[in-house]
Amino acid sequence: MSKNSFYTPYKGPAGGWGALQSTTKHWLKSDNAVRNVFTMLKTNQPNGFDCPGCAWGEKHDPAKIRFCENGAKAVNWEATSRRVDADFFKQHSVSWLNTQSDYFLEYQGRLTEPMRYNAQTDHYEPISWEQAFAQIAESLKAQEDPNQVAFYTSGRASNEAAFLYQLFARAYGTNNFPDCSNMCHEASGYALISSLGIGKGSVEIDDFERADAVFVFGQNPGTNHPRMLETLREVVSRGAQLLTFNTLRERGLERFQNPQNPIEMLTNGSKPTHTNYYCPKIGGDMAVVRGIVKVLIEMENAAQKEGKAIFDHEFIEQHTQGMDAYLAKVEQTSWDDILPQSGLSKEEIYHCAEVYANANSVICTWAMGITQHHHSVATIHEIVNLLALRGNIGKPGAGTCPVRGHSNVQGDRTMGINEAPSKAFLDSMEKHFGFPQPQDHGLNVVQTIQAMQAEKVKVFIALGGNFAAATPDTQATQEALKSCDLIVQISTKLNRSHLTIGDNALILPCFGRTDIDQQATGVQRVTVEDSFSMVHASGGVMEPLSPEQRSEPAIIAGMAQATLGDFPLNWEELAGDYSLIRQHIEAVIPGFKDFNQRIEHKGGFYLGNSARERNWATPGGKAIVHTHSLPESILPKKAQDLASDSTLVLQTLRSHDQYNTTIYGMDDRYRGIKGERQVLFINPADIKRLGYQEGDTVTLRSLWDDGVERKVSGFKLVPYSIPAGNIAAYYPETNPLVPLNSHGEFSYTPTSKSIAIELEPYQEPASKIASVAN
Ligand SMILES: Nc1nc2c(c(=O)[nH]1)N[C@H]1C(S)=C(S)[C@@H](COP(=O)(O)OP(=O)(O)OC[C@H]3O[C@@H](n4cnc5c(=O)[nH]c(N)nc54)[C@H](O)[C@@H]3O)O[C@H]1N2
Ligand SMILES: Nc1nc2c(c(=O)[nH]1)N[C@H]1C(S)=C(S)[C@@H](COP(=O)(O)OP(=O)(O)OC[C@H]3O[C@@H](n4cnc5c(=O)[nH]c(N)nc54)[C@H](O)[C@@H]3O)O[C@H]1N2
Ligand SMILES: [Mo]
């Protein structure tokens, strides 16, 4: 048998029968199949719940089934009938659970009752809600400084939960809001605010129907935003250009078979999702865009000789500042720097420039392939500059489209989950609630871990997520977490974070999106915001598994009431009726006028976007064109000095069977992987050059100048279509390799997509081989 028996290149389209088959499998795996079929039909419907999968938006079309394969996985994973209850924790110690895989932990089922860790027995034991809230209140009140507490948020929290949570933390006295966004689209927010005055994308979903060209940078929608594939193939089908830039050849960006199209399914047809596919090197996108702009300058010079123009001079003149300096910088940047860094040929870059120049409206989309580098902010500024050259912001069919991750990560920011809130937001909070807001900026994810290391953060409260596994530098981070006095996790499922604790920890089990949320005044709905700034209601459809589970707003209100009493208001009243929370949101945050009425509108309502209106909320009142140098090297400075010919650049990404740290299964269908996650995608020439053979098992060691050894072992080499010098492997297994202070300039986002790596041969320990064989 070949050493890579788990690998067979995948030739089919994305979607199609494979997706249907997989959806069925995950239905059955949930132990709740029949109930979940009905549940699925409510996904993203006006009278149902917002899919807990990704943040891609929807056109309002009542006739349509609105879920994809991976949305089905997310729903089935949440809506399982398996339970992790007091008995479960009685049977299993925390130390034992810690030896189990991430897959095992979450697979055990839903958390059903509040639990407190007992360090003497090393087991979680049941505790009443009142006792849990009292313990939290006692611990919060005991801190000398409110900044010793960090309030983490993962992007599934609803607007109502997020608003209440930030109100609680600010009333308590801190802006310490590390959130998943810090590891995700922070660079997008930072770059867009500093250039266009608003951190959100400027396009609406309908713009895709009008764009002459769409440029897709660094994302894998086949897995992470499957509903986007339909949009992409429609763009191609109507004859518009679709240029995709990805280090890997991702199947979803090549062809898509729509499972909702019976003829296509029966004839096994499929349609392309791109017109041109480019494979830049990891981190090479800024150089690609710079090259495109360099060609555009040439084209503009030639056009001017004929009295014509390529650039939109009126837009540049009226709406931007700093363009001349930028264009001068581009002219100074030599092809000798651009081409090797980009990994594309000059011909390819010329073609991209021609497509761009011939299109009257262009959308640029991007995700983690762009945001998780050292120079991500600079790269996004470069994309914005490209768009600005031909006025491609604030006109139909054109604009910026950062494709968000978690289903409500964008809404959480809108609600004030922000460690660096704007003055306007704090003033509005103060005016409405009548108490002084903490003014000092708080800690982001990286800074929170650093503060834990320095024993400056002592209490960690998490509204969802899996901080211990999602964050970089796993070993150091986990030590930091263990040093906390108290860890509180509001969660749906058991994960590594519940096991990475010191002496005191609480698990507070909450409802998910699919659960019916019954409160004092009746069944409640929540709201969420998608990538296109559409806000809509979401209501669960499943009876909760246990009467001891509570909603996120109820849990936050319980903690707040115990800690702060009625300051600044009666918390429990709010938890009893979410429309009251929405009234406060309406009073504090622009765009939410008549909030309670407008959520009745099918398909939701649009929050508006100032950049789309060509209204630039920047200091000078114009869009700011930023000028950056190309990075000297893709590797961060501290790794560069240690790098050699054998150093490779690693990007860490998601398989098709995972949702961030949640592992649904061991396959990665579109990349041809079955039953294995310890794989390393590598260029065949690199396998040979470095003296290995396909299927060899290696250790990955990352380079950093602090003398700490960071390595992971047992990864099998898979020859793959990836540029020479670049490699890819799954997250979270590779997070031990990302040094904590290797983060994006300005964004503080861990550089999870550009890690300097050396490979070493790895010999499986005999004991492990024996246990696998058994
Ligand atoms: N099913 C499912 N859906 C999800 C998630 C999930 O885990 N599972 N996660 C959600 C979240 S929180 C997020 S943020 C999004 C993530 O969505 P993506 O950004 O699509 O996630 P990644 O798997 O990290 O994929 C990164 C992609 O960028 C490419 N890439 C990496 N580096 C570079 C580069 O330097 N240049 C270019 N051009 N390409 C590069 C990789 O080859 C890969 O295709 O998805 C959301 N949706
Ligand atoms: N190396 C590397 N690291 C990365 C990334 C990468 O590409 N590479 N990506 C980064 C990105 S983009 C992100 S967004 C982060 C993700 O970081 P997180 O958001 O912290 O992680 P998740 O894995 O999404 O969290 C999963 C857990 O959330 C809980 N949960 C699920 N649904 C709910 C709910 O409705 N309510 C509550 N309260 N809890 C719920 C469950 O207990 C589940 O175990 O990881 C980042 N880390
Ligand atoms: Mo994300």
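Residues numbered from 1 in each chain as written. Chains lettered and ligands numbered in written order. Predicted model: local features only at pLDDT ≥ 70, side-chain atom pairs only at ≥ 80, totals over all residues. Heavy atoms only, no water.

In the annotation of an unreviewed UniProt entry, the entry for the protein chain reads Molybdopterin-dependent oxidoreductase alpha subunit, and the organism field reads Marinomonas pollencensis. What UniProt states about the protein chain under its Sequence similarities (unreviewed entry) heading is, verbatim, "Belongs to the prokaryotic molybdopterin-containing oxidoreductase family." (UniProt positions renumbered as here; feature names shortened; annotations may be inferred.)

J.: Hey, could you go over the sheet that holds strand β29 (residues 711-719) for me, with residue numbers and the actual values?
T.: Pairing in this closed barrel of six strands is mixed, and the strands run β24-β30-β27-β29-β28-β31 around the ring. Here the strands of the sheet are splayed against their neighbours by 45° on average, with no regard to which way each runs. Sheet topology note: the strand β27 (residues 679-682)/strand β30 (residues 726-730) ladder contains two bridges and is antiparallel. Note that in β30 the partner of F681 across the bridge is A728. (Pairing = 2+ DSSP bridges. Helix = DSSP H or I, 4+ residues; strand = E, 2+ residues; numbered from the N terminus. Axes fitted to C-alpha atoms, helices over the stretch in contact; angles between N-to-C directions.)

J.: I'd like to hear about the site of ligand 2, residue by residue, with values.
T.: Within the structure, ligand 2 sits among 32 residues, and E106, Y152, S154, E552 and T661 are positioned closest to it. For ligand 2, a nitrogen atom lies 2.7 Å from a polar atom in the backbone of A470. Between ligand 2 and Y731 there is a distance of 2.8 Å, counted from an oxygen atom to a side-chain nitrogen or oxygen. Among the residues forming the shell around ligand 2, the class breakdown is ten nonpolar, 16 polar and six charged. Each of domain 2 (126-181 + 408-605) and domain 4 (637-773) gives at least three residues to the shell around ligand 2. (Near = heavy atom within 4 Å. Polar contact = N/O pair within 3.5 Å; in protein donor to acceptor, adjacent residues only side chain to side chain. Nonpolar A, V, L, I, M, F, W, Y, C, P; charged D, E, K, R; others polar. Domains from an automatic or database assignment.)

J.: An account of the site of ligand 1 is needed here, citing residue identities and associated values.
T.: Around ligand 1 sit 31 residues, and of these E250, G283, D285, Q658 and N660 come closest. T223 places a main-chain nitrogen or oxygen 3.1 Å from a nitrogen atom of ligand 1. N246 places a side-chain nitrogen or oxygen 2.7 Å from an oxygen atom of ligand 1. Expressed as a share of its isolated accessible area of 930 Å², the protein-covered part of ligand 1 is 99%. Taken together, the elements giving at least two residues each to the shell around ligand 1 come down to α10 (221-224), α18 (368-371), β24 (648-653) and β25 (658-659). Of the residues in the shell around ligand 1, the class split is ten nonpolar, 17 polar and four charged. (Areas by Shrake-Rupley, 256 points an atom, 1.4 Å probe, with all protein chains shown as cover.)

J.: Tell me about the nonpolar core, and name the residues and values.
T.: Core analysis: the largest hydrophobic core is formed by 60 residues, its most contacted members being I461 and L508. It is helix α8 (residues 159-172) that provides the largest number of residues to this core, a total of ten residues. Residues in contact with L508, not counting those within four places in the same chain, are P114, W129, A132, I136, V488, Q489, I490, S491, I555 and M559. V289, F315, V355 and W616 belong to the second-largest nonpolar core, a separate cluster that totals 58 residues. (Core = buried A, V, L, I, M, F, W, Y, C linked by side-chain atoms within 4.5 Å. Buried < 20%, exposed > 50% of the residue type's maximum accessible area, 1.4 Å probe, protein only. Contact = heavy atoms within 4.5 Å.)

J.: A description of the sheet that holds strand β17 (residues 505-509) should follow, citing residues and the corresponding values.
T.: Read across the sheet, six strands follow the order β5-β4-β17-β16-β15-β6 without closing on themselves; strand pairing throughout is mixed. On the outer flanks of this sheet lie β5 (123-126) and β6 (149-153), each paired with one strand and no other. The mean angle between the axes of side-by-side strands here comes to 20°, regardless of whether they run parallel or antiparallel. The sheet contact formed by strand β15 (residues 459-463) and strand β16 (residues 486-491) spans five bridges and is parallel. Following the sheet pairing, L463 is matched in β16 by I490. Helix α7 (residues 129-142) contacts β4 (115-118), β6, β15, β16 and β17 of the sheet and is inclined by roughly 135° relative to β17.

J.: Requested: an account of the side chain of E419, with residues and values cited.
T.: Structurally, the position occupied by E419 is in the loop between α20 (409-414) and α21 (423-433). A polar contact is formed between the side chain of E419 and the side chain of N182, at a distance of 3.5 Å. Excluding residues that lie within four positions of it along the chain, E419 makes contacts with N175, F177, N182, R413, H441, G442, L443 and N444.

J.: Account for the pairing of β30, with residues named and values stated.
T.: With respect to burial, β30 is a largely interior element, five of its five residues being buried. Both faces of β30 are covered, namely the face carrying N726, A728 and Y730 and the face carrying I727 and A729. Pairing of β24 with β30, which is carried by five bridges, proceeds in the parallel orientation. Opposite Q651, over in β30, you have A728 as the bridge partner.

J.: So what's going on with the environment of C364? Residues and values would help.
T.: Secondary-structure assignment places C364 in strand β13 (residues 362-366). You can call C364 buried: its relative accessible area is 0%. In this structure the C-alpha to C-alpha distance between C364 and E764, which are 400 residues apart in sequence, comes to 45 Å. Other than its neighbours up to four places away in sequence, C364 contacts F215, F217, I383, L387, G399, T400 and C401.

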